[in-house]
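# A closer look at the structure
Spelled out from the first residue to the last, the chains are:
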Amino acid sequence: MAIYTIEKNERICEAAEIYRLTFKAPDITAKASAGQIIHIVCGGDANSLRRPISICECDGDSVIICFEVRGAGTRELAARGAGDTIDVIGPYGKGFPILSGKVALVGGGIGIYPLISAAKAVKAAGGEPVALLGFRNKELMNMTDTFDNYCDKVMIATDDGSYGHHGFVTAILEQYLDENPDASVFVCGPRGMMAAVSKISLEKGNECYVSMEERMGCGVGACLACVCKTQFVGNEGKGEKYTRVCVDGPVFNAKEVIWE
Amino acid sequence: MIKELDLSVKIAGVEFKNPIVTASGTCGFGEEYKEFYHPSFLGAIAVKGLTPAPKAGNPPPRIAEVPSGMLNSIGLQNPGVDKFIEVELPRLKNEGATVIANIAGSTVEDYCYMAERLDVTNVDMLEMNISCPNVKEGGVAFGTDPKMVEEITSAVRAKTTKPLIVKLSPNVTDITATARAAERAGADALSLINTLLGMKIDIKTRRPILHNNVGGMSGEAVFPIAVRMVWQVRNAVSLPIIGMGGIATADQAIEMMLAGADAIAVGACMFKNPSAPVEILEGIKKYMTDNGIEKVTQITGGVIPW
Ligand SMILES: Cc1cc2nc3c(=O)[nH]c(=O)nc-3n(C[C@H](O)[C@H](O)[C@H](O)COP(=O)(O)OP(=O)(O)OC[C@H]3O[C@@H](n4cnc5c(N)ncnc54)[C@H](O)[C@@H]3O)c2cc1C
Ligand SMILES: Cc1cc2nc3c(=O)[nH]c(=O)nc-3n(C[C@H](O)[C@H](O)[C@H](O)COP(=O)(O)O)c2cc1C
Ligand code: FES
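How each quantity is defined
Residues numbered from 1 in each chain as written. Chains lettered and ligands numbered in written order. Predicted model: local features only at pLDDT ≥ 70, side-chain atom pairs only at ≥ 80, totals over all residues. Heavy atoms only, no water. Pairing = 2+ DSSP bridges. Helix = DSSP H or I, 4+ residues; strand = E, 2+ residues; numbered from the N terminus. Axes fitted to C-alpha atoms, helices over the stretch in contact; angles between N-to-C directions. Contact = heavy atoms within 4.5 Å. Buried < 20%, exposed > 50% of the residue type's maximum accessible area, 1.4 Å probe, protein only. Right-handed = clockwise from strand over helix to strand, strands pointing away. Salt bridge = Lys/Arg side-chain N within 4 Å of Asp/Glu carboxyl O. Polar contact = N/O pair within 3.5 Å; in protein donor to acceptor, adjacent residues only side chain to side chain. Near = heavy atom within 4 Å. Areas by Shrake-Rupley, 256 points an atom, 1.4 Å probe, with all protein chains shown as cover. Nonpolar A, V, L, I, M, F, W, Y, C, P; charged D, E, K, R; others polar. Domains from an automatic or database assignment. Buried area = accessible area lost by both parts, 1.4 Å probe. Core = buried A, V, L, I, M, F, W, Y, C linked by side-chain atoms within 4.5 Å.

This part is about the sheet that holds strand S6 (residues 62-68) of chain A. Residue and element names in this part refer to chain A. Strand order in this open sheet of seven strands is S4-S3-S7-S1-S2-S6-S5, and the pairing throughout is antiparallel. The sheet terminates laterally at strand S4 (51-54) and strand S5 (57-59), the two strands that pair on one side only. Within the sheet, the average angular offset between the axes of one strand and its neighbour, ignoring direction, is 40°. Note that strand S2 (residues 18-24) and S6 share seven bridges and pair antiparallel. Residue Tyr19 lies in a different strand from S6, and its bridge partner there is Phe67. Relative to the sheet, helix H3 (residues 113-124) contacts S2, S4, S5 and S6, its axis offset from that of S5 by approximately 55°.

Structural data, given as C-alpha cells:
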C-alpha cells in the first residue's frame, strides 16, 4: 500500500464525465502487466471499500488510468488534481496473454481502457492489434487516438450510427473474424456485449479472452466477494465453481466463463 | 520508564503473542495479505468459515458498500474441513501462526463432525460460527436462541478438548442470554460480534445490490454496537472475549479492550487498509508507553462506567 502523487487529472470527454488520471508509481509500473487492476481509496462518502480500476497504460514511471464518474467514489477521484495524493494497492490479477499474432481488441464503454495496455503489449511483442470499439454515439467517443497509436487499425461502431458502423461492435467483429480466421479476441465491456463476443468467437473457433467485472471487497483474494462462475475440468471430472475475479482474473479464457 | 512492553494475552490457555486477531472470512487462509503482514505476526488468525463438505457460496453480487461499512453475503464459500486440514492448516502452522478454525454447519451433526476431525489436528482453537446470517438452513436459528446455543455448544464440547470459542450473533434482543448459555455449556471463550443483518436497494433498478437480497453488515458503522455488546457480555460472564466489529484504528482497539475484550479482531477495515493489523499494534504500543502500561492485559475491562 502506498500513497502516490497525482501528476495530471484531465477530463477527456465533453459529453460524459470521463477522466484520465496520471500518477507516478515506479513500483507499480515495474510490475504491471496488461489488463491488471489497482484498487484506490477514493474517500468522501466512498469511505469503506477501495474502487477497482484497470491500468490503462504505463508511461515510464507513471501509471495512467481512465475512469467515468458513476457514483461517490469516482466523483471524489474526479475532483483530485495535480499534486494531490492517491492511496493505491496493486497491481493485482491475471491480465491478458501477450500474443504475437493478430488480436482483435473489442471494447465498449469503460471497458475500452484495459485494452490500451493490451494493444501496447501485443504491438511490442510483434503482434497485430486491431481495435473494435463500440460507443453509444459520436460524442461519447474517447481515447480513440491512443488506440490509433498502438493498433494497426481502429474500427468504430456507434449505436445510433453517428460515427462508423451503425449498430453493435459484434457485427464488425463477425466480419473481421471471417476475414482473419486465425485472430484471437480480447474483450472488455458491458456484460451482454462480452457474452455475445465470447459466443461469436468460440463458435467461429477463435481464442477469446474476457476481462470480467464484479463488485469487490479486499481486492487481494481474501474475502471471496468478487466471484464469477467458471467451469473447470479436474480429476473428478467437469464442474462449476465461483472463481475470484480480483486475483484469478480479471481476464479469463472465454471457454471457462459461464454467463447465465 | 517502561523497559519492555508485554503484549501477550492468554485466551483459554492459548498464548497469543499480541491481542490482534484477523476475523474469520476477511483474511482467507492467511496467504493473501502476506504483502502487508505475515500470519505469524498476528496474535492469531481466524480462518474462513469451514463446512463439512466444500461449499460453492452464493451467486454474486456478494458485497455492497453502505455508509461507513459494508454488507456481505459470501455464503460460506470454502474448500471444506478436510482440505483445510490437509493443505491450509499444516502450511499455517509451519509458518508459525496461531490458528483458529472457524466452523459453520447447518446441523448439530455438522458441527460435531468438524470438531471431531479438527480435534486430532494441531489447530490451536475452534470457533463455532453459530451466527452467520447467510446460511438459510439454520445459522441464524442456532445463534439467536439461547436454548439452541446451549445444546449445540454442549454437543460440540463433548467432541473436542480443543479450546472452544463460541462466536455470538448481534441479531438478538439480549446478547447476555446467548453468552450465558455458551458459558453454561462449556465454552472456553466468546467472540463477538458477527455481522448484523442488513439490506441495500438500488433505487433505479429496484433490485437489492446483493443477489442474496440481504447480507451481513460490518465495518466502522457497527463499532459502537460491538463495544456495547462486549461491555454487556463482560459484565455477564467470566469467559475471555475476542472483541470485534468495526475496528479500524488503535484507538478503537483500545476502546474495545477497555469495554472488556481480552483480544480484538480486525475484519472489514482491512479491505480499505490492509496494513491495519500492523498499524493497530503500533498504536497500542504507543498508548501503553504514553500511559505507563506494562502489560496489555491491564487495558482489558478498564472502562470506568458512570
Ligand atoms: C476489474 C475491474 C476493472 C475496472 N476498471 C475500470 C476502469 O478502468 N475505468 C472505470 O471507469 N471503471 C472501471 N471499473 C468500474 C469501477 O470500479 C466502478 O465504476 C466504480 O467502482 C464505481 O464506484 P463509485 O463509487 O463511483 O460508484 P458507486 O456506485 O457509488 O459504488 C458503490 C460500490 O459499488 C461498486 N461498484 C459500482 N459499480 C461497479 C462496477 N461497475 N464494477 C465493480 N464495482 C462497482 C463500487 O466499487 C463500490 O464498492 C472496473 C471494475 C472492475 C471490477
Ligand atoms: C467478507 C466477510 C466474510 C465473513 N465471513 C465470515 C465467516 O466465514 N465466519 C464468521 O464467523 N464470520 C465471518 N465474517 C464476520 C467477521 O468475522 C466479523 O465478525 C464481522 O465482520 C465484524 O467485524 P468487522 O466489522 O471488523 O468486519 C465475515 C465478514 C466479512 C466482511
Ligand atoms: S475482492 Fe476479495 S477476493 Fe476478490
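Our next topic: the pairing of strand S9 (residues 128-135) of chain A. All names here are of chain A. The buried count for S9 comes to seven of eight residues, which makes it a mostly enclosed element. One ladder, built from seven bridges, connects strand S8 (residues 102-108) with S9; its direction is parallel. Residue pairing across strands places Leu105 opposite Ala131, the latter belonging to S9. Taken together, S8, H3 and S9 constitute a β-α-β crossover, and its handedness is right-handed. Relative to strand S10 (residues 153-158), S9 runs parallel, the two being bridged by six bridges. If you follow Ala131 over to S10, its bridge partner there is Val154.

Turning to the interface of chain B and chain A, a few remarks are in order. Across the boundary between the two partners, chain B contributes 31 residues, which contact 25 residues of chain A. Counting across the chain B and chain A interface gives two salt bridges. A salt bridge links Glu32 of chain B to Arg244 of chain A, with the nearest nitrogen and oxygen atoms 3.3 Å apart. Seen at the junction of chain B and chain A, the total is 12 residue pairs in polar contact (both at pLDDT 80 or more).

The next thing to look at is the pairing of strand S6 (residues 69-72) of chain B. Residues and elements named next belong to chain B. Side chains of S6 alternate between two faces, with Gly69 and Leu71 and Met70 and Asn72 buried alike. Note that strand S5 (residues 63-66) and S6 share four bridges and pair antiparallel. Within S6, the position partnered with Val66 by the bridge is Gly69.

With that settled, the discussion passes to the site of ligand 1. Residues and elements named next belong to chain A. Neighbouring residues of ligand 1: 20 residues in total, closest Pro52, Gly73, Thr74, Glu213 and Arg215. A distance of 3.1 Å is found between a nitrogen atom of ligand 1 and a backbone nitrogen or oxygen belonging to Ser54. Between ligand 1 and Arg215 there is a distance of 2.5 Å, counted from an oxygen atom to a side-chain nitrogen or oxygen. When ligand 1 sits alone it has 820 Å² of accessible area, and the protein chains cover 87% of it. Ranked by residues supplied to the shell around ligand 1, first place goes to S4 with four residues. Of the residues that constitute the shell around ligand 1, the class distribution is 10 nonpolar, four polar and six charged.

A few words now on the site of ligand 2. All names here are of chain B. Taken together, 23 residues form the shell around ligand 2, and within it Ser24, Lys167, Gly219, Gly246 and Ala268 come nearest. Contacts to ligand 2 include Asn102, whose side-chain N or O atom sits 3.0 Å from an oxygen atom. One of the side-chain nitrogen or oxygen atoms of Ser218 is found 3.4 Å away from an oxygen atom of ligand 2. Taken by itself ligand 2 offers 600 Å² of open surface, and the protein chains cover 98% of this. Here the residues of the shell around ligand 2 sort into seven nonpolar, 14 polar and two charged.

Turning next to the domain arrangement of chain A. All names here are of chain A. In terms of domains, chain A is made up of domain 1 (2-92) and domain 2 (102-211). Here the C-alpha centroids of domain 1 and domain 2 sit 23 Å apart. For domain 1, the biggest contributors to the area lost against domain 2 are Ala34, Cys56 and Glu57; these three give 34% of the whole. Inspection of the domain 1/domain 2 interface yields one salt bridge. Linking Lys120 and Glu57 is a salt bridge whose minimum nitrogen-to-oxygen distance equals 3.2 Å.

Turning next to the side chain of Lys229 of chain A. All names here are of chain A. Relative to the assigned elements, Lys229 resides in strand S14 (residues 227-234). A polar side-chain atom of Lys229 sits 3.0 Å from a polar atom in the side chain of Glu260. Every residue in contact with Lys229, bar those within four places of it in the chain, is listed here: Glu240, Lys241, Tyr242, Glu256, Val257, Ile258 and Glu260.

If you walk through the whole model with that rule in mind, you get 28 salt bridges over all chains. Taking the shortest distance from any N to any O, the salt bridge between Glu7 of chain A and Lys24 of chain A comes out at 3.3 Å. Linking Glu7 of chain A in strand S1 (residues 2-11) with Lys24 of chain A in strand S2, this pair joins segments that are 17 residues apart in sequence. On the accessibility criterion, Glu7 of chain A (34% relative accessible area) is partly exposed. With a closest N to O distance of 2.6 Å, Glu95 of chain B and Lys34 of chain B form a salt bridge. With Glu95 of chain B in the loop between helix H1 (81-94) and strand S7 (99-103) and Lys34 of chain B in the loop between strand S3 (20-22) and strand S4 (44-46), this residue pair connects regions lying 61 residues apart in the sequence. Put simply, Glu31, Lys34, Glu88, Arg91 and Glu95 of chain B are held in one network by salt bridges that share partners.

Residue Pro250 of chain A is bonded to the preceding Gly249 of chain A through a cis peptide linkage, with omega at 10°. Structurally, Pro250 of chain A is set in the loop between strand S15 (237-244) and strand S16 (251-253). Here Leu192 of chain B and Ile193 of chain B are connected by a cis peptide whose omega angle stands at 10°. With respect to the helices and strands, Ile193 of chain B occurs in the loop between strand S10 (189-192) and strand S11 (196-199). Here Ser68 of chain B, not a glycine, exhibits a phi torsion of approximately 55°, which is positive. Of note in the backbone geometry, Arg206 of chain B takes a positive phi value of approximately 60° without being a glycine.

In this structure, Phe16, Tyr33, Phe84, Leu190, Leu192 and Ile264 of chain B are the most contacted members of the largest nonpolar core, which totals 107 residues. Excluding its chain neighbours within four sequence positions, the residues that come into contact with Leu190 of chain B are Ile165, Val166, Leu168, Ala179, Ala182, Val233, Val237, Leu239, Pro240, Ile241 and Ile242 of chain B.

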